[in-house]
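Secondary and tertiary structure notes
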Amino acid sequence: MAVGNAWIGTVLRVDLTTGTWGTEPLRMKDANDFVGARGLGTKYFCDECDPNVEPLSVENKLIYMTGPLTGTAATSAGRFEVVAKAPLTGTIGAANSGGHFGPELKFAGYDGIIFEGGADHPVYLYINDDRIELRDATHLWGKDVHKTTDMLIEECGNVRVSCIGPTGERGCLFSAIMNEKNRAAGRGGLGAVMGVKNLKAVVVRGTGPVKVARPEGFLRELTKARAIIQAHPVTGTGMAAYGTQILMNILNEVGALPLCNGRGGSIFDHADEISGEKLSETYLVKNQGCFGCSIACGRVTRIPDDSPYAGFGEGPEYEAGWSFGADCQVDDLAAVCKANFICNEYGMDPITLGATIACAMELSEMGAIPESDIGFPLRFGDSDAVVRLTKMCAEGEGFGKLLELGSYRMAEHYGHAELSMSVKKQEMPAYDARAIQGIALEYATSNRGGCHVRGYMIAPEVLGLPIKTDPLVTEGKGSLLKTFQDLTALCDSVGICLFTTFGMGLPEIAGQYREAVGSDESDEDILLKGERIWNLEKRFNMAAGVEKDTLPPRLLREALPSGPAKGKVAELQTMLADYYEVRGWTSEGEPTDEKLEQLSLG
């Protein structure tokens, strides 16, 4: 592997405290061992930051990192990663985003940016190829994401913008970093890390190329991969037609849609009203794709002006459709869209916010939250309340100040932390862990808290990809999840979209990677890099004192009352023992010295 073989070879380091910057060579050995993006950004962070750093301090570094395939002609190669210690969880925070910002950064001549310290006033970083400036952003402070983006394009011309909204400025624990208005490095609260640094935005314009090592072989591999994706029913037609919201009816039919903060059953009678099919019939304007994307799963949507929820934007994705919809027992698609628009405009993670509102609804109904604290009655099924609370959180108004802490801290404030449907203080998304045993194990073991996209067990357990497994069975789930987690770490790190893996697998990812960087490594050697990344993240979390792998008591003790998984709880302990053994860890879930040595992490 060498500079020029998919890598630019340059990292930009910015000291916000002194207002200075400089470039340095990309650490090529680390780029080889940790691939790029998620893996390489995490490696830089772990080498440079104390695991016990306070997330909302200027000592917490913030790293933008691309992958070797980012900006190339590889399949859906528009991804990049933002890495910091996450304010919401205290874990290693690696948030992935798409769009065009990541490729633009490489076109400008940089594989990544490392931000250190904090400015004494709001600033934004301006990059135009080799022209670098830290500019005053006082006039942008307090502006929402869409307004900030428009103003910066007006000021700077044809640029790509990554920025935070008012929630990031204020320190909301699940504030997102947004790029191109509606793409998000969304989970863990990394927007708050930008906010505490007084870094409002990063603006990039690039005109350079990204070259690969073996162009003919690369073209052969990407052509093969694209053909597989276009021929697959999920990536070729399903997601293009209905977006990720196609999952709403599918998960409802298998009885795995979490309802009423996990208190209710798992089948929502009105799921079709908030589904991808309904969205396509009603509010869809057009599809939207990221850089180099052949799937175009994004939804550009408009709510008519005569609706109380009038608006224009993107989404919702399935997770937001569930969190503001089924989890809150809301079947008004316009209200769900509006809440999602607000999240994009203000820079908030809709999974955490919607789940936090659902938690507040349960606490309110049981009398744990006084109505006077909220300002109005709060019950499941109230679409107006969902939109109103979303806006209150966006603006830091009244009860919204508690919502912006996330469900765990809010529920803890009222004496019921056990009712937070979160893992390591991050809210679990739209799949009931009692109905899908493998996703229960994924939630518990995810290195960034409750998360589905670190090892998407929905693929085999519900969609039958690449094989169909029984979602109610625990046997073999540890081994299968390990493979999915390692492969996902690889996918995130090369810089391509995870959705491509509905169609293609390790041979296609490894094939494109090999030809781009000029490697002769086997598929298995390349997958081992994913395992190395996973163990690096785990080691950081252990040093940071992150709590053990577990699930909320409700999922372990309260059986589902209805549906195909009626009577089931999450059988976590059985699966954990198998998972730890397959990973080569101790029975307490800690990587052994032998495993770390095997992965060159000793």
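Everything quoted here is computed from the prediction, not taken from an experiment.

**Some points on the packing of aromatic side chains**
Overall, the coordinates contain 13 aromatic pairs when judged by the stated rule. Ring pairs connect the aromatic residues Tyr318, Tyr431, Tyr456, Phe499 and Phe502, which therefore count as one cluster. Stacked on the ring of Trp141, the Lys or Arg Lys200 has its end atom at 6.0 Å from the ring centre.

**Quick notes on the domain arrangement of the protein chain**
For the protein chain, the domain assignment lists domain 1 (10–205), domain 2 (240–427) and domain 3 (437–503 + 520–598). The gap between the C-alpha centroids of domain 1 and domain 2 is 26 Å. The interface is formed by 36 residues belonging to domain 1 together with 30 residues belonging to domain 2. Buried area between domain 1 and domain 2, summed over both chains or domains, comes out near 2,500 Å², and the portion from carbon and sulfur atoms is 54%. Here Arg183 ties to Glu314 by a salt bridge, and the two come within 2.8 Å at their closest N and O atoms. Where domain 1 packs against domain 2, one counts 18 residue pairs in polar contact (both at pLDDT 80 or more). Among the secondary structure elements, those contributing two or more residues to the side of domain 1 that touches domain 2 are helix H3 (101–107), helix H4 (145–156) and helix H5 (166–170). By residue number, the principal contributor to the side of domain 1 that touches domain 2 is H5, which donates 3 residues. A class-by-class count of the residues in the side of domain 1 that touches domain 2 yields 13 nonpolar, 17 polar and 6 charged.

**A few points about unusual backbone geometry**
The omega torsion of the bond from Gly315 to Pro316 falls at 10°, within 30 degrees of zero and hence cis. Its location among the elements puts Pro316 in the loop between strand S15 (311–314) and helix H11 (318–324). A cis geometry characterises the amide bond from Leu465 onward to Pro466, with omega recorded as -5°. Along the chain, Pro466 falls in the loop between helix H19 (458–463) and helix H20 (477–494).

About the thresholds
Residues numbered from 1 in each chain as written. Predicted model: local features only at pLDDT ≥ 70, side-chain atom pairs only at ≥ 80, totals over all residues. Heavy atoms only, no water. Phe/Tyr/Trp six-rings, centres within 6.5 Å; stacked < 30°, edge-to-face > 60°. Lys NZ or Arg CZ within 6 Å of the ring centre and 35° of its normal. Domains from an automatic or database assignment. Contact = heavy atoms within 4.5 Å. Buried area = accessible area lost by both parts, 1.4 Å probe. Salt bridge = Lys/Arg side-chain N within 4 Å of Asp/Glu carboxyl O. Polar contact = N/O pair within 3.5 Å; in protein donor to acceptor, adjacent residues only side chain to side chain. Helix = DSSP H or I, 4+ residues; strand = E, 2+ residues; numbered from the N terminus. Nonpolar A, V, L, I, M, F, W, Y, C, P; charged D, E, K, R; others polar.

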